[in-house]
Amino acid sequence: MVSKLQCKTLIALTLSAAMGLTSLSATAAHPFAVAGQPLPSLAPILEQVTPAVVNISVSGTKVSQQQIPEAFRYFFGPNGPGSQQQAQPFQGLGSGVIIDAKKGYILTNNHVIADADKIQVMLKDGHEYEAKLIGADKGSDIALLQIKAKNLVAIKFADSDKLRVGDFTIAIGNPFGLGQTVTSGIVSALGRTGLQLENLENFIQTDAAINSGNSGGALVDLRGELIGINTAILGPNGGNVGIGFAIPANMANNLVQQIIEHGEVRRGLLGVAGQELTADLAKAFDIDVQYGAFINQVTPDSAAAEAGLVAGDIIVSVNNNQIRSFSELRARIGTLGPNKKITLGIVRDGKQIIVNATLKPADSQLANASNLHPSLEGATLVSTEKNKGVMISDVQARSIAAASGLKQGDIIIGVNKDQVKNLAQLRKLLSKDKTTLALNIQRGEQHLFLVLR
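Residues numbered from 1 in each chain as written. Predicted model: local features only at pLDDT ≥ 70, side-chain atom pairs only at ≥ 80, totals over all residues. Heavy atoms only, no water.

1. Details of the side chain of Asp137
Next, step 1: Residue position: Asp137 is located in strand β7 (residues 132-137).
Next, step 2: Setting aside chain neighbours within four positions, we find Asp137 in contact with Asn110, Ile142, Leu255, Val265 and Arg267. (Helix = DSSP H or I, 4+ residues; strand = E, 2+ residues; numbered from the N terminus. Contact = heavy atoms within 4.5 Å.)

Okay, here's the thing in structure tokens:
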């Protein structure tokens, strides 16, 4: 089964400077001297890059929902709640990568810091700092932290689209709280999807050993450049069997830049629905294509429609990078922002053509409310038109949000004494105080306050 270890199963390794080894090819793995020459070693790279890898410890209170036994529900009346909230303290460990030394930005996994009230970062030299959460994206499992510190070492991003199966990898992190640990391996596969770990999946697979406590750590190449953020493993009982997964560096960097600019991830829309290209589909359309994203439907007035895409097209590349599946297409498009110009490789009637498209902004920016406040877990939020509040577009049955009294269609127009106009403002207000909150709700013609704890 797929395990998201202690904050998922991952290892971390952050690097910064470029490596200066001359010939590190197949001999890098040989445990003996060759013709009297010094043994090849990764040590020179690691001395440059390991200061950019940090250990992360978190603590907080997780609000869970507990069903009320039928025998006691009469105390609440026929319209009383069917469950009650219970707060439980928690602690967790993970890893992170310094990506900007001057601003103190640290890249990690969202699951490492989710629901945390306090985030502590420890550098390789032992110095500790309290970190501030700048923003996070649950759909891709990316989070950006910031610390105030001098003389930091940052890692350089590699172009992860240039990775090939067989390229060497190095992973550095804090497995099981042992302290900074380094492992090595190769890129085992690219474009892994369908693992049901995240909403957007396009993983690098590696056999570099990663374990619990390494989530959010770095996967680097032999130049000491960041190629991925370690996120999960596949293995029995959560143990390492040489199958680990990392978020590609390009994908993570796209998301981070949006968080830095907007405080949140804003997705662009292509406007297609589809499925994986199967052998049966390829045979039915009489095409010699083995991989790609089959388009079932094109949304009118969408970026895809304006670019000339039609149902039956097969997208085989995005920006000259091969697409292996519809899930990979979804992940690549979903990590680009609105108004981004892209080039699509299309197979239509057995012929390959190139089309250009400009992604459109989402009509409504949705947010998973659990990222904002634990008592909102199970609700989906969306900014209303003309900045008139934040609407509850969906509430999952028996969720904490439902137990809190929220209903689909409610509009949050205020928090405590402050007015709320949109999602960005609500996020900012909720980040100030995660204890007791009074939400000013507009429900139809009624106005009411819901108190969240």
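2. Thoughts on the nonpolar core
Next, step 1: Formed by 31 residues in total, the largest nonpolar core has its most connected members in Ile99, Leu107, Ile155 and Leu226.
Next, step 2: Looking at this core element by element, the count peaks at five residues for helix α3 (residues 249-262). (Core = buried A, V, L, I, M, F, W, Y, C linked by side-chain atoms within 4.5 Å. Buried < 20%, exposed > 50% of the residue type's maximum accessible area, 1.4 Å probe, protein only.)

3. Comments concerning the packing of aromatic side chains
Any aromatic ring pair is given by two values, namely how distant the centres are and how the planes are angled relative to each other.
Next, step 1: As enumerated under the stated definition, the model contains one aromatic pair in all.
Next, step 2: Judged by centre distance (5.9 Å) and plane angle (50°), the rings of Phe203 and Phe245 are tilted. Of this pair, Phe203 sits in strand β11 (residues 203-206) while Phe245 sits in strand β14 (residues 244-248), placing them 42 residues apart in sequence. Summarising the burial analysis for this pair, Phe203 and Phe245 share the class buried. (Phe/Tyr/Trp six-rings, centres within 6.5 Å; stacked < 30°, edge-to-face > 60°.)

4. Looking at the side chain of Gln205
Next, step 1: Inspection of the secondary structure puts Gln205 in strand β11.
Next, step 2: At 2.6 Å, the side chain of Gln205 and the side chain of Arg192 are in polar contact.
Next, step 3: The residues touching Gln205, leaving out its near neighbours within four places in the chain, are Ile186, Val187, Ser188, Ala189, Arg192, Ile243, Gly244 and Phe245. (Polar contact = N/O pair within 3.5 Å; in protein donor to acceptor, adjacent residues only side chain to side chain.)

5. A few points about the pairing of strand β18 (residues 314-318)
Next, step 1: The buried fraction of β18 is high, at five of five residues.
Next, step 2: In this sheet, β18 lies alongside strand β17 (residues 293-298) in antiparallel orientation, the contact comprising two bridges. By the bridge assignment for β18, Ala293 is matched with Ile315.
Next, step 3: Pairing of β18 with strand β20 (residues 341-348), which is carried by four bridges, proceeds in the antiparallel orientation. Of the residues in β20, the one forming a bridge with Ile314 is Val347.
Next, step 4: Both β18 and strand β19 (residues 321-322) contribute to a ladder of two bridges, which runs antiparallel. Following the sheet pairing, Ser317 is matched in β19 by Gln322.
Next, step 5: In this structure, the hairpin formed by β18 and β19 is closed by a connection of two residues, where Asn319 is found at a positive phi of approximately 55°. (Pairing = 2+ DSSP bridges.)

6. Regarding unusual backbone geometry
Next, step 1: Despite not being glycine, Asp115 has its phi angle at roughly 70°, a positive value.
Next, step 2: The residue Asp115 is located in the loop between α2 (110-113) and β5 (116-122) in this model.
Next, step 3: Positive phi, close to 60°, is recorded for Asn151, a residue that is not glycine.

Worth remembering: the numbers are spatial, not functional.
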